[in-house]
Amino acid sequence: MGLVRTKEKSERGFQTASLSKMKVTLSALDTFESSFTPLVVIELAQDVKEETKEWLKNRIIAKKKDGGAQLLFRPLLNKYEKETLENQNLYLVGASRLRLLLGAEAVGLVKECNDNTMRAFTYGTRHNFRGFDDDNDDFLTMAECQFIIKHELENLRARDEKMIPGYPQAKLYPGKSLLRRLLTSGIIIQVFPLHDNEALKKLEDSWYTRFTLKYQPVDSIRGYFGETIALYFGFLEYFTFALIPMAVIGLPYYMFVWEDYDKYVIFASFNLIWSTVILEVWKRGCANMTYRWGTLVMKRQFEEPRPGFHGVLGINSVTGREEPLYPSYKRQLRIYLVSLPFVCLCLYFSLYVMMIYFDMEAWALELHEDSGSEWTSVLLYVPSIIYAIVIEIMNRLYRYAAEFLTSWENHRLESAYQNHLVLKVLVFNFLNCFASLFYIAFVLRDMKLLRQSLATLLITSQILNQVVESLLPYWLQRKHHAQVKRKVQALKADVDATLYEQVVLEKEMGTYLGTFDDYLELFLQFGYVSLFSCVYPLAAAFAVLNNFTEVNSDALKMCRVFKRPFSEPSASIGVWQLAFETMSVISVVTNCALIGMSPQVNALFPESKVDLILIVVAAEHALLALKFILAFAIADKPRHIQIKLARLEFESLEALKQQQMKLVAENLKEELREGEKEKAA
C-alpha cells in the first residue's frame, strides 16, 4: 500500500497554487480590453468571416440566462499588434473568480470540507470547504479552472439559430453543441489550455529533471494535468515497484537453474499469485487517491452524444432533447459485416507475417550451422529484431484503421466508442505480439528459440517506444522552438511579445491523444513478463529498467513535447483494469502448460501422459481458484473509504427525504389555502 501512497504534506501547497502564479507569467499583455488571466486558447481558421467572429464572441461573453457561457474573451493581438506581428486568429478565454466557482458547482467538483469529508462543492456552502477564503484565488487548481471553461464552451448550444452566421452550409438545430459544430466545420482549428511556465518549471524540478530514485509527485501532477494523467503515472510507478520482487527472484533463477524447468514451478506459482495481488492492491490504492481527489464520489453526469455521432434529427426519448438519431441495427450491421471481417483479415495477415519470420529464423539457423562463424551467430538475432520492428509498424498502422472503423460505426456515446476501439486494438496487439511466442512454445516446442525471441521482442519494442514516443518528438519540438524564438526576436515591434511567443509555440505542439497508447505499452509489457515467466525470468528485470526511464521520458513528453491536455476527472484506470486481469488469467494457463511440457516433468510420467495432463489441468484449476479467492478476499476499497462512502450515501438519502417532506408540506399548505378560499367564496 505504501507504493501507491503519495506524500500529501509536501505537495498540498503545489496543487492549489498554480492559478495565482500564472498571473505573474501571463499578465504582460493583459492590458487590452478587460484584463484577465488567460486560461484557454481558441484558434480560428485564417479565412473566418468577421460576422462569425463577432457572433462567437457574443455567445461566449453573453450571460447564462441569455444562452451564453458568461466567460471573458479577447483576441491575442490588438489592432496595432496585428499590423506588426504575424496575423493569427488566436483568442484568449478566461473567467472571473465568481464564474469559476459557479462553474465548479455546475460540473459537480468534489472538494474537502472542514470536517474532513468529501462533498460536492456548492457556492452557497463555500465557507464549509477547507482552504476557501473570499480573498484567496487558490481554492480551485488551474487544471480545474480550465476543465470548467472547457465544460462551459462545450455546453454552448444553439437556440434559435438555423446556421452558423456567414456559413449557410453549417446547419444548426436547437440543443446542438456550438463548439463541436464549429470544430467539425473547420471554423475552429483547435481549443487548448495554456501552460503556466512558472508552475510547470516547479513541477519539472520535483518530477524528472533530477535523476534520483524517489516517489513521483502524483498530487502535483494531478493539480497540473488532472486526475486521468495522474492516475496513469501513479499506476506506472506502482507497477514498476511491483515488478522489483519478480526481477530480484528471477535473477538467481536465470543464473543458476536455467535448464531445470521443474524448479521453475515455485517461481511460476509466485508469479501467478503476484499478478493477482498487485492488481487487487492497486484498486485499493487507486480508491485512496481518487477519494482524496474527490473523483471517487463525483456523480457521473448524463453522457452527451459524442462529436462525431451523426444521424437523422429527432427527439431523444430519454432526455426529450432534439439530437441526431441512428438505428442500432445499422450500427450492428456495420460491426458484424465490415468491422469484424476486417479485423479477422488483419489477424490473418499478422499470422502470415509471423510465418515469414519463422522462415527467416530457419534460414539464419541453417546458415549458422553451415559456417559456424561469429558473425552468423549474431545473425541469429536479426530475424527477431526485424520482426519486432515490423510488429511495431503493424500495430501503429492497425491503430489508425481501428480508429477509422470505430468512428465509422457511428457510436452515440464516447464510452461505447472507447470500449469498441480498445477491444479491436487489444485483440490485434495481443495476437501480433504474442502469436509467435505461442507458436514457438506449443507447436515448435523450442524453448531456446522462445527465450531468444521473447528477449529480442521485449528489448526491441522498449527501445522503439522510447525513441518514437518521446525522444524524436522532443528533438523536433526543440527545432521548432528555436525557429519561433528567432522569429520573435527578429520582430521590430515595440511590444512585449512574451504571451504571443508562448501561444504560438504551444499551438504548434502536438496534441496529446490520451493515455491509451501508454496503457497499451504497459499491458503488452505485463504480457511479456507474466505469460512466459517460467521460460524467461529475466523479463521483469528488463521491464523495471525500462520503466525507470519511461517515467522520465513520459514526463518530458507531457511537459515539453505536447500541448497541455484538458483535465479529465477519473475514478480508476477504467477498462484497462479488466484487460490486465484477463492477461493474468491467461498467464496461469500458459505457465502451467509450459511446465507440463518440460522434459524434467515429463520424465516423472514416462508411462502415462494422461496422468500428466490431468495433474497439469488440476494444478491450473487450483491456481485459478486461488486467484479468484484472493481477488474476492482483497476488498477493492479500504474499510475506511467504504464507511465514508456509505455515510455520504446515507446523508444524501436523508437530505432527499427532507426535501420531499418539505415539498409535501408546501403542497398541503397550498391545498389548505385553496380550500379556505373556496369556503370563503
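These figures come from a predicted structure and were not determined experimentally. (Residues numbered from 1 in each chain as written. Predicted model: local features only at pLDDT ≥ 70, side-chain atom pairs only at ≥ 80, totals over all residues. Heavy atoms only, no water.)

**A few points about the overall build of the protein**
Thought 1: Check the secondary structure of the protein and you find 23 helices and 10 strands.
Thought 2: Across the 681 residues of the protein, 50% fall into the buried class.
Thought 3: Across the protein, contacts joining residues at least 24 apart in sequence account for 74% of those joining residues at least 6 apart.
Thought 4: Entry remark: accessible area of the protein is about 33100 Å², with carbon and sulfur atoms responsible for 62%. (Helix = DSSP H or I, 4+ residues; strand = E, 2+ residues; numbered from the N terminus. Buried < 20%, exposed > 50% of the residue type's maximum accessible area, 1.4 Å probe, protein only. Contact = heavy atoms within 4.5 Å. Areas by Shrake-Rupley, 256 points an atom, 1.4 Å probe, with all protein chains shown as cover.)

**Examining the environment of Glu508**
Thought 1: Structurally, the position occupied by Glu508 is in the loop between helix H17 (498–507) and helix H18 (516–531).
Thought 2: In the structure, Glu508 is positioned 55 residues away from Lys563 in sequence and 8.3 Å away in space, judged by C-alpha atoms.
Thought 3: Polar contacts involving the side chain of Glu508 include one to the side chain of Lys507, which spans 2.6 Å. (Polar contact = N/O pair within 3.5 Å; in protein donor to acceptor, adjacent residues only side chain to side chain.)

**Quick word on a nonpolar patch on the surface**
Thought 1: On the surface, a nonpolar cluster with roughly 860 Å² of combined accessible area is contributed by Tyr329, Leu333, Tyr336, Leu337, Val338, Leu340, Phe404 and Trp408.
Thought 2: Put simply, the parts of the chain that give the nonpolar patch at least two residues each are helix H12 (328–371) and helix H14 (382–408).
Thought 3: With six residues, H12 is the single largest residue contributor to the nonpolar patch.
Thought 4: Turning to its location among the elements, Leu340 is positioned in helix H12. (Patch = residues over 30% accessible without salt bridge, like charges linked within 9 Å, V, L, I, M, F, W, Y side chains within 5 Å. Salt bridge = Lys/Arg side-chain N within 4 Å of Asp/Glu carboxyl O.)

**Remarks on helix H8 (residues 197–207)**
Thought 1: Along H8, the residues that are buried comprise Ala199, Leu200, Leu203, Glu204 and Trp207. Around the axis of H8, the buried residues are gathered within 140 degrees of arc, so they sit on the same side. (Arc of directions from axis to C-beta.)

**Structural notes on empty space enclosed by the protein**
The rolling of a water-molecule-sized probe over the atoms marks out the regions of remaining empty space.
Thought 1: The final tally for this structure, using the stated rule, is four cavities of 30 Å³ or more.
Thought 2: Considering only enclosed or pocket space, the largest cavity measures out at about 80 Å³ in volume.
Thought 3: Surrounding the largest cavity, Leu109, Val110, Glu144, Phe147, Arg222, Glu227, Trp293, Gly294, Thr295, Met298, Ser567 and Pro569 form its lining.
Thought 4: Residue composition of the lining of the largest cavity, grouped by class: six nonpolar, three polar and three charged. (1 Å grid on protein atoms, 1.4 Å probe; cavity = no way out; pocket = protein on both sides within 12 Å on 5 of 7 lines; lining within 4 Å. Points joined across faces, edges and corners; volume = space filled by probe spheres on them. Nonpolar A, V, L, I, M, F, W, Y, C, P; charged D, E, K, R; others polar.)

**Focus on the packing of helix H15 (residues 414–444) against helix H20 (residues 575–597)**
Thought 1: Between H15 and H20, whose axes approach to 13 Å, the crossing angle comes to 15 degrees. Looking at the two axes, H15 sits roughly parallel to H20. Once H15 is placed against H20, the crossing between them reads as right-handed. Side by side, H15 and H20 meet where Asn419, Val422, Leu426, Phe430, Phe434, Phe438, Ala441 and Phe442 of the first sit next to Val575, Trp576, Ala579, Met583, Ile586, Thr590, Ala593, Leu594 and Met597 of the second. (Axes fitted to C-alpha atoms, helices over the stretch in contact; angles between N-to-C directions. Parallel < 35°, antiparallel > 145°, perpendicular 65-115°, else oblique. Left-handed = near helix turned anticlockwise from the far one by under 90°.)

**As for the side chain of Arg181**
Thought 1: For Arg181, the location among the structural elements is in helix H7 (residues 178–184).
Thought 2: Buried and unpaired, Arg181 has Glu161 as its nearest opposite-charge partner, separated by 12 Å.
Thought 3: In this structure Arg181 touches Ile164, Gln169, Ala170, Lys171, Leu172 and Lys176, once residues within four positions along its chain are discounted. (Lys, Arg positive; Asp, Glu negative; His and termini not counted.)

**Side note on the packing of aromatic side chains**
For any two aromatic rings, the description comes down to two numbers: the centre-to-centre distance and the angle of the planes.
Thought 1: Under the criterion given, the structure shown has 34 aromatic pairs.
Thought 2: Their ring planes at 40 degrees and their centres at 5.6 Å tell us that Tyr238 and Trp282 sit as a pair that is tilted. Here the residue Tyr238 occupies a position in helix H10 (residues 227–256), and Trp282 occupies one in helix H11 (residues 264–293), the gap between them amounting to 44 residues.
Thought 3: You can call Tyr238 buried: its relative accessible area is 5%. (Phe/Tyr/Trp six-rings, centres within 6.5 Å; stacked < 30°, edge-to-face > 60°.)

**Observations regarding the nonpolar core**
Thought 1: With 109 residues, the main nonpolar core has Trp207, Phe225, Leu450, Phe523 and Trp576 as its most contacted residues.
Thought 2: In this structure Trp207 touches Lys214, Gln216, Pro217, Ile221, Phe225, Phe233, Asn552, Ala555 and Cys559, once residues within four positions along its chain are discounted.
Thought 3: Core analysis: the next-biggest nonpolar cluster, separate from the first, contains 51 residues, Leu44, Ala69, Leu100 and Met118 among them. (Core = buried A, V, L, I, M, F, W, Y, C linked by side-chain atoms within 4.5 Å.)

**Overview of the sheet that holds strand S8 (residues 188–193)**
Thought 1: Pairing is antiparallel in the open sheet, where four strands are placed in the order S2-S3-S1-S8. With partners counted over all chains shown, the strands left at the sheet margins are strand S2 (72–75) and S8, one partner each. If you compare each strand with its neighbour and ignore which way they point, the axes differ by 20 degrees on average.
Thought 2: Note that strand S1 (residues 40–44) and S8 share five bridges and pair antiparallel. Bridged to Val41 within S8 is Phe192.
Thought 3: Seen against the sheet, H17 touches S1, S2, strand S3 (90–94) and S8 and runs at an angle of roughly 110 degrees to S8. (Pairing = 2+ DSSP bridges.)

**Focus: the UniProt feature "transmembrane region" (unreviewed entry) in the protein**
Thought 1: UniProt's feature table lists "transmembrane region" (unreviewed entry) at residues 229–252, 264–282, 335–358, 378–398, 421–442, 522–545 and 612–635, given in the numbering used throughout.
Thought 2: Split by type, residues 612–635 is 92% helix and 0% strand. Its first and last C-alpha atoms lie 36 Å apart. (UniProt positions renumbered as here; feature names shortened; annotations may be inferred.)

**Things to note about the layout of surface pockets**
Thought 1: Here the second largest pocket defines a volume of roughly 930 Å³.
Thought 2: Around the second largest pocket, the lining comprises 38 residues; the ones closest to its centre are Arg396, Arg399, Val468, Glu469 and Asp517.
Thought 3: At the level of secondary structure, the elements contributing two or more residues to the lining of the second largest pocket comprise H14, H15, helix H16 (447–489), H18 and helix H19 (539–561).
Thought 4: In terms of residue count, H16 provides more of the lining of the second largest pocket than any other element does, 11 residues in total.
Thought 5: Of the residues in the lining of the second largest pocket, the class split is 16 nonpolar, 12 polar and 10 charged.

**Regarding the pattern of salt bridges**
Thought 1: Following the criterion strictly, the structure yields 24 salt bridges and no others.
Thought 2: Residue Glu144 is joined to Lys111 by a salt bridge in which the shortest nitrogen-to-oxygen separation is 3.1 Å. Residue Glu144 is found in helix H6 (residues 142–154), and its partner Lys111 is found in strand S4 (residues 110–112); the two are separated by 33 residues along the sequence.
Thought 3: Glu568 is the salt-bridge partner of Lys150, the closest N and O atoms lying 2.8 Å from each other.

**A word on the pairing of S3**
Thought 1: Across the five residues of S3, five count as buried, placing the element largely inside the fold.
Thought 2: A two-sided burial pattern is seen for S3, the buried positions comprising Leu90, Leu92 and Gly94 on one face and Tyr91 and Val93 on the other.
Thought 3: The pairing of S1 with S3 spans four bridges and is classified as antiparallel. From the neighbouring strand, Glu43 faces S3, where its bridge partner is Leu90.
Thought 4: In the sheet, S2 pairs with S3 via four bridges, with the strands oriented antiparallel. Each residue of the ladder has a partner; that of Pro75, found in S3, is Tyr91.

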